[in-house]
There are 2 protein chains.
Amino acid sequence: MYIGIDIGGSHISAGLIDQEGKIIRKSSCSNNLENKYEQFIKNIADLCQEILKEEGMSIRQIDSLGIGIPGSVDNEKGTVTSISNIKMKDAPIRQEIKKYFDIPVYIENDANCAAFGEFLCGAAKGTRVSVTITIGTGIGVGIIINDKIFGGFNSAASEQGHNVIVVGGERCTCGRKGCWEAYSSANALIRETKKLLDMEGEFINSKIHEVIKGDYSKINGKIIFDAAKEGDVLANEVVHQYVWYLSEGLANVVNAIMPEVLVIAGGISQQGDYLLNMLINRVNNYIYTKQSPKTELRIAKLGVDAGLIGAGMLKMNY
Amino acid sequence: MYIGIDIGGSHISAGLIDQEGKIIRKSSCSNNLENKYEQFIKNIADLCQEILKEEGMSIRQIDSLGIGIPGSVDNEKGTVTSISNIKMKDAPIRQEIKKYFDIPVYIENDANCAAFGEFLCGAAKGTRVSVTITIGTGIGVGIIINDKIFGGFNSAASEQGHNVIVVGGERCTCGRKGCWEAYSSANALIRETKKLLDMEGEFINSKIHEVIKGDYSKINGKIIFDAAKEGDVLANEVVHQYVWYLSEGLANVVNAIMPEVLVIAGGISQQGDYLLNMLINRVNNYIYTKQSPKTELRIAKLGVDAGLIGAGMLKMNY
């Protein structure tokens, strides 16, 4: 049995995971980004104690604990190399966790955990080379090569979400201009929708106005996609442009890595086949090597739990 | 002792390569793109016979023969999967070569051969993860991971030269719009120079006009870089823009793969440190993971022979 931890911007989740990657029990707590790392560690330990207690288990029955972190890590040292928003930079995560639980502790980038989860028990199971793209507030990319997470020489790969697809384009949160993430994250979809909602003309009758009733903070990907499916002109305009940029970036990932399967995960993946069908033809049209066996695009099977499951099973990466 | 073959757009080269990657003897013939593949094979066989004869050697003294091809290959079958310009598509290269020489025959994409050569005996020697970018008429990318060429699941990686850096931008030879190659190949540099030479105003006194004396076909990368070094305003404008696009694409490659060393090869690499110094700061500024150990940019050590040497030593990839 494993424990997986997923550290997100708003919540920390812990899951008890069995050998087949099934979540036996899961619990979450809110994440105060202002906390120092010692408090994060204590919150993680408390969550673990809670799920163990609820299952009547002791830590001695757990093979290992794995943590997915929204940043880059040095798993050898067990530290966080680089992270935004959360006060964990240079934190000796493994050493601190071991003060609570004396079991093997692994840490890894969260997008890599999601890719590892989808490879072990999800949409990329049985492949030798796969890539999982987690699309939410940002874009995370995880690469699996020959059954292992591929992180490059410094374990910081892959950051293709911050690859420029429009030189000199939209300013990205990372400081660079024109990143894929600045066009194809859920945040980008929402930003573009807001722009059109502010315009005069044909968009003034958009259903989205009815749904949000003037409260722009209510806008999310589901509202936009739902409106598009109902034929809303504004939503279709935004989704059409969004799918274009998303496809260009996906084709770039295919060209770079040539994975057997490319998995779409994260919040946007809830659009399922509706989204997938819009992407497949475009991506196949954009990729370079049209005569070689083609990468297959799939929607994630593990949903929002991919990262948690992958983190829990990190032991299998070593 | 090995034989390496490099198939280019204008020439076919064959080299006798020793165990350390040194070229003992080399010979070339012109390449008629209209030839059928049987004629290509005969030309290759003739070149091999020639260099063997000149060295007083027999084919029995050769361990293996490797061929670098400007396209994608299926090394298992020994066939060409996809190729432009040259009439070799689906050609059973290995089988045909073996009619002349009964020794192990390996085939591989030429950019991958160059990367393998630089890894075995050049600028990326001793690294576990490296990428070599061959910049000439196009942009070829070869990835080495854990001592082997990484070609993705279909052996067609990496085609990052055809990754879009300007969505909807310049039309590329591949059909896609805005590819890195369409901005950062030597051809793109020449195209942009021609555009400015046709303009009125401050560019009318460019030194390049003096050098080419109205014959635009004479323009090449060296002439442009030489003029820039002498302070020519037009050349500096073109080089400045070229370096910008090149850096954006190189940073994309670093973000995607995080290689320990990124090697710049091909004709443009002859600009050496002058080019390298312009690239390093920009690329380091564009990459995402600024706090992790950094990828080192280097100029190729094997020059134009990287592909030939890498092809000759392909046996070491298996």
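My aim in this report is to walk through the structure given alongside it, one point at a time. Keep in mind that this is a model prediction, so the values were computed, not measured.

### Comments concerning the side chain of B:Asn255
On the secondary structure map, B:Asn255 appears in helix H8 (residues 233-257). Residue classification places B:Asn255 among the buried residues on the basis of a relative accessible area of 0%. A polar contact is formed between the side chain of B:Asn255 and the side chain of A:Asn163, at a distance of 3.1 Å. Reaching out from B:Asn255, the side chain makes a polar contact with the backbone nitrogen of B:Tyr288 at a distance of 2.9 Å. Contact partners of B:Asn255, with chain neighbours within four places excluded, come to A:Ala157, A:Ser158, A:Glu159, A:Gln160, A:His162, A:Asn163, A:Arg176, B:Ile287 and B:Tyr288.

### Focus on the relation of the copies chain A and chain B
Turning chain A through 180° and shifting it by 0.0 Å along the axis lays it on chain B, with an RMSD of 0.0 Å. Both copies are brought into coincidence by an operation consistent with a two-fold rotation axis. Counting the interface residues of chain A, we find that 100% of their copies in chain B are interface residues as well, pointing to one common contact surface.

### Some points on the interface of chain A and chain B
Between chain A and chain B, the residue contacts involve 47 residues of the former and 47 residues of the latter. Summing both sides of the interface, chain A and chain B together bury roughly 3,900 Å²; the carbon and sulfur share of this comes to 60%. By the criterion of area lost to chain B, the three top residues of chain A are A:Phe153, A:Val167 and A:Tyr288, representing 19% of everything that side buries. The interface formed by chain A and chain B includes two salt bridges. As a salt-bridge pair, A:Arg176 and B:Glu248 come within 2.8 Å of each other at their nearest N and O atoms.

### Topic: the side chain of A:Arg176
Residue placement: A:Arg176 occurs in the loop between strand E10 (148-150) and helix H4 (181-184). The class for A:Arg176 is buried, based on a relative accessible area of 5%. Within polar-contact distance, the side chain of A:Arg176 engages the side chain of B:Glu248 at 2.8 Å. Residues contacting A:Arg176, with those up to four places away along its chain left out, are A:His162, A:Asn163, A:Val164, A:Glu170, A:Arg171, B:Glu248, B:Ala251, B:Asn252, B:Asn255 and B:Tyr286.

### A short note on the packing of aromatic side chains
For any pair of aromatic rings, the description rests on two quantities: the centre-to-centre distance and the angle between the ring planes. Residue and element names in this part refer to chain A. Counted according to the given criterion, the structure contains 14 aromatic pairs over all chains. For the pair Phe225 and Tyr242, a centre-to-centre distance of 6.5 Å together with 85° between the ring planes defines the contact as edge-to-face. Taken together, the residues Phe225 in helix H7 (residues 221-229) and Tyr242 in helix H8 (residues 233-257) connect sequence positions 17 residues apart. As far as the burial class goes, Phe225 and Tyr242 line up, both buried. Counting every residue linked through ring pairs, the aromatic cluster contains Tyr183, Trp244 and Tyr245. The lysine or arginine in question, Lys229, covers the ring of Tyr274, its NZ or CZ lying 5.0 Å from the ring centre.

Criteria and cut-off values
Residues numbered from 1 in each chain as written. Chains lettered and ligands numbered in written order. Predicted model: local features only at pLDDT ≥ 70, side-chain atom pairs only at ≥ 80, totals over all residues. Heavy atoms only, no water. Helix = DSSP H or I, 4+ residues; strand = E, 2+ residues; numbered from the N terminus. Buried < 20%, exposed > 50% of the residue type's maximum accessible area, 1.4 Å probe, protein only. Polar contact = N/O pair within 3.5 Å; in protein donor to acceptor, adjacent residues only side chain to side chain. Contact = heavy atoms within 4.5 Å. Least-squares fit on C-alpha atoms with pLDDT ≥ 70 in both. Buried area = accessible area lost by both parts, 1.4 Å probe. Salt bridge = Lys/Arg side-chain N within 4 Å of Asp/Glu carboxyl O. Phe/Tyr/Trp six-rings, centres within 6.5 Å; stacked < 30°, edge-to-face > 60°. Lys NZ or Arg CZ within 6 Å of the ring centre and 35° of its normal.

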